[in-house]
Amino acid sequence: MGPAGAAHPDASRSARGRPPSRRSVLRGTAVGVGAVTLPALLAACGRGPGGDRNTVTVGSNASDAVPKKAFAAVFGAYERRGGKRVEVNTTEHNEFQQSITRYLLGSPDDVFMWFAGYRMRYFAEKGLLAETGDLWKGFEGFSPAVEDQSTHEGRQYFVPYYYYPWAVFHRRSLFEDRGYEQAATWDQFVALARTMHRDGTPVAFCDKDGWPAMGTFDYIDLRLNGYDFHRRLMAGEEAWTDRRVKKVFDVWRELMPYYQKGALGRTWEEAGQGLQRRRTGMAVFGMPHPGQQFPPEERDDIDFFPFPEIDPRHGRDAVEAPVDGFLVPKKARNPEGAMELLRWLGTAEAEELYLDGDPNTVAVNDRADTGAYSPLQRKCAELVSRAGHISQFMDRDTRPDFAQTVMIKALQDFINDPKDVDGLCHRIERQKADIFSDSAS
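The rules behind the values
- Residues numbered from 1 in each chain as written.
- Predicted model: local features only at pLDDT ≥ 70, side-chain atom pairs only at ≥ 80, totals over all residues.
- Heavy atoms only, no water.
- Helix = DSSP H or I, 4+ residues; strand = E, 2+ residues; numbered from the N terminus.
- Buried < 20%, exposed > 50% of the residue type's maximum accessible area, 1.4 Å probe, protein only.
- Lys, Arg positive; Asp, Glu negative; His and termini not counted.
- Salt bridge = Lys/Arg side-chain N within 4 Å of Asp/Glu carboxyl O.
- Contact = heavy atoms within 4.5 Å.
- Core = buried A, V, L, I, M, F, W, Y, C linked by side-chain atoms within 4.5 Å.
- Pairing = 2+ DSSP bridges.
- Axes fitted to C-alpha atoms, helices over the stretch in contact; angles between N-to-C directions.
- Expected span 1.5 Å × (residues − 1).
- Arc of directions from axis to C-beta.
- Phe/Tyr/Trp six-rings, centres within 6.5 Å; stacked < 30°, edge-to-face > 60°.
- Lys NZ or Arg CZ within 6 Å of the ring centre and 35° of its normal.

Here the focus is the side chain of Glu-351. Topologically, Glu-351 is positioned in helix 16 (residues 348-357). The side chain of Glu-351 sits in the buried core without any salt bridge; Arg-367 is the nearest counter-charge, 11 Å away. Sequence-distant contacts of Glu-351, that is, excluding residues within four places in its chain, are made with Tyr-161, Tyr-162, Val-362, Ala-363, Val-364 and Asn-365.

What follows is the structure, encoded as structure tokens:
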């Protein structure tokens, strides 16, 4: 969900060789440490009650309080409508991402939450997903662009549920109190960051989770080099030693003095809390990230502006807007029940129920009722509707093994020492060549 999530497949040292944490697994009610039953242990590996056609198990990465509660309401409504019982196995978001390949190769749930685009296609190519083409014949309200993000080689695998744009988020009241102006250009953005830093509210920054800094890299590349170049770079078709890539890091370095210190030790939740507590002035985030850290009575104070223009040739034409949704593993134990659940989750009604509990995302189904949208949701929907190009996010637009094993460390190395751009880009290119050549062979 919100977090684009550290790209995954089992390359993280902390995740290698072990299943998701037992403590993080919830099956309707919490399982206490020291009282773990065999069914709970099986749930940790994605194993629902075998042979129970009246139960659908769902592997969930919605471990944060707001989306977890909203999904519980959705699945409860499905059950009350006469659907099968839904048993949710929730694993901490980053851990779910890091363990996803072993999860799908083992005994996965009947349905799991995941992401559109490249990260869906990666597992479709490996034959780990069931097709959902029959469901798509009955779906209404999804645009051709959304269907394209759900399709690989002419076959649909993904059922989209919501999306959220990335932008520069801040407190409206803080800007009003201090006379800050939203930045339209990079020079204005750096000047604003400098002023904030001087005022004691630096730019919020975090990358302990491994993915938040990807959003800033993506936007600078999109604004500096354009969508087509960014797409080719993510696909392994451009060299990371290209001067255009090096310039992305050089431009980014201008902002480094005005960030919070200690980014590599700070989670996205902590960065969002700093924004809420007025300890920082703004942050490049996805819509849910500040939203989940603000109490309901303060959410109307959240505002944003599009990531600023760097090169007028590209303006602010591209927007990062990841799409989250559901997939059925090839090894699902109850595929019929899974498809029945997804048939309903693909309706506008099901999406409206989710948005009632989570105002930090935007409906991907065009038929969903947007009358109850908050001003922030309306503004986010307008931002995406005006976009000339929509990207998904680095760890969704490139090979997940490249994003996980190469780019997380590379960006963290840059944050730790932003001076050696040449050496950094050469290291990325060498590793990229190995990974992408394996794909081609």
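From this point on, the discussion continues.
Ranked by internal contacts, the top residues of the largest apolar core, which has 138 residues, are Phe-217, Phe-249, Trp-252, Leu-345 and Met-407. Of the residues forming this core, the biggest block, nine residues, is contributed by helix 19 (residues 400-416). Contacts of Trp-252, omitting those with residues within four sequence positions, involve Phe-205, Ala-213, Thr-216, Phe-217, Ile-220, Tyr-259, Leu-411 and Phe-414.

Moving on: the side chain of Asp-221. By the secondary structure assignment, Asp-221 is in helix 10 (residues 212-225). Ignoring anything within four residues of it in the chain, the contact list for Asp-221 reads Gly-226, Phe-229, His-230, Leu-233 and Val-248.

The strand order 10-9-11 describes an open sheet built from three strands, whose pairing is antiparallel. Single-partner strands in this sheet number two, and they are strand 10 (283-286) and strand 11 (302-305). Sheet twist, expressed as the mean angle between neighbouring strand axes with direction ignored, is 55°. Across the sheet, helix 10 touches strand 9 (166-171) and strand 10, and the angle it forms with strand 9 is around 115°.

Here we take up helix 5 (residues 118-125). Among the residues making up helix 5, those that are buried are Arg-119, Met-120, Tyr-122, Phe-123 and Ala-124. Gly-127 sits one or two residues past helix 5 and shows a positive phi near 75°.

Bringing the pattern of salt bridges into the picture now. Following the criterion strictly, the structure yields 23 salt bridges and no others. Residue Lys-137 pairs with Asp-134 through a salt bridge whose shortest N-O separation is 3.3 Å. Linked by salt bridges that have partners in common, Arg-232, Glu-238, Asp-242 and Arg-244 make up one network.

With that settled, consider unusual backbone geometry. Unlike most non-glycine residues, Glu-153 shows phi in positive territory, near 50°. By the secondary structure assignment, Glu-153 is in the loop between strand 6 (151-152) and strand 7 (155-156). One non-glycine residue with positive phi stands out, namely Phe-393, at about 130°. For Phe-393, the position within the fold is in the loop between strand 15 (389-391) and helix 18 (394-397).

Let us look at helix 9 (residues 186-199). The α-helix winds at 3.6 residues per turn, so residues separated by three or four positions along the chain end up facing the same way. The first and last C-alpha atoms of helix 9 sit 20 Å apart over 14 residues, in line with the 20 Å expected at 1.5 Å per residue. Within helix 9 the residues assigned to the buried category are Trp-186, Phe-189, Val-190, Leu-192, Ala-193 and Met-196. Down the axis of helix 9, the sector holding all buried residues measures 160°, keeping them to one side. Exposed residues pointing more than 90 degrees away from the buried face of helix 9 are listed as Asp-187 and Arg-198.

Evaluated as defined, the whole model comprises 37 aromatic pairs. Note on Tyr-161 and Tyr-354: the rings are 5.6 Å apart at their centroids and 65° apart in plane angle, and the pair reads as edge-to-face. Here Tyr-354 lies in helix 16 and Tyr-161 lies in strand 8 (residues 159-163), a separation of 193 residues in the sequence. For Tyr-354, a relative accessible area of 0% corresponds to the buried category. Geometrically, the ring pair formed by Trp-252 and Phe-414 is tilted, given 5.2 Å between the ring centres and 45° between the ring planes. Separated by 162 residues along the polypeptide, Trp-252 in helix 12 (residues 243-253) and Phe-414 in helix 19 bring together distant segments of the chain. With respect to burial, Trp-252 and Phe-414 carry one shared label: buried. Of the aromatic side chains, those joined through ring pairs into one cluster are Phe-96, Tyr-103, Phe-112, Trp-114, Phe-115, Tyr-122 and Phe-123. In this arrangement the basic side chain of Lys-379 is found over the ring face of Phe-304, its NZ or CZ atom lying 4.7 Å from the centre. Across from the ring centre of Phe-436, 5.8 Å away, lies the NZ or CZ of Arg-399, which sits over that ring.

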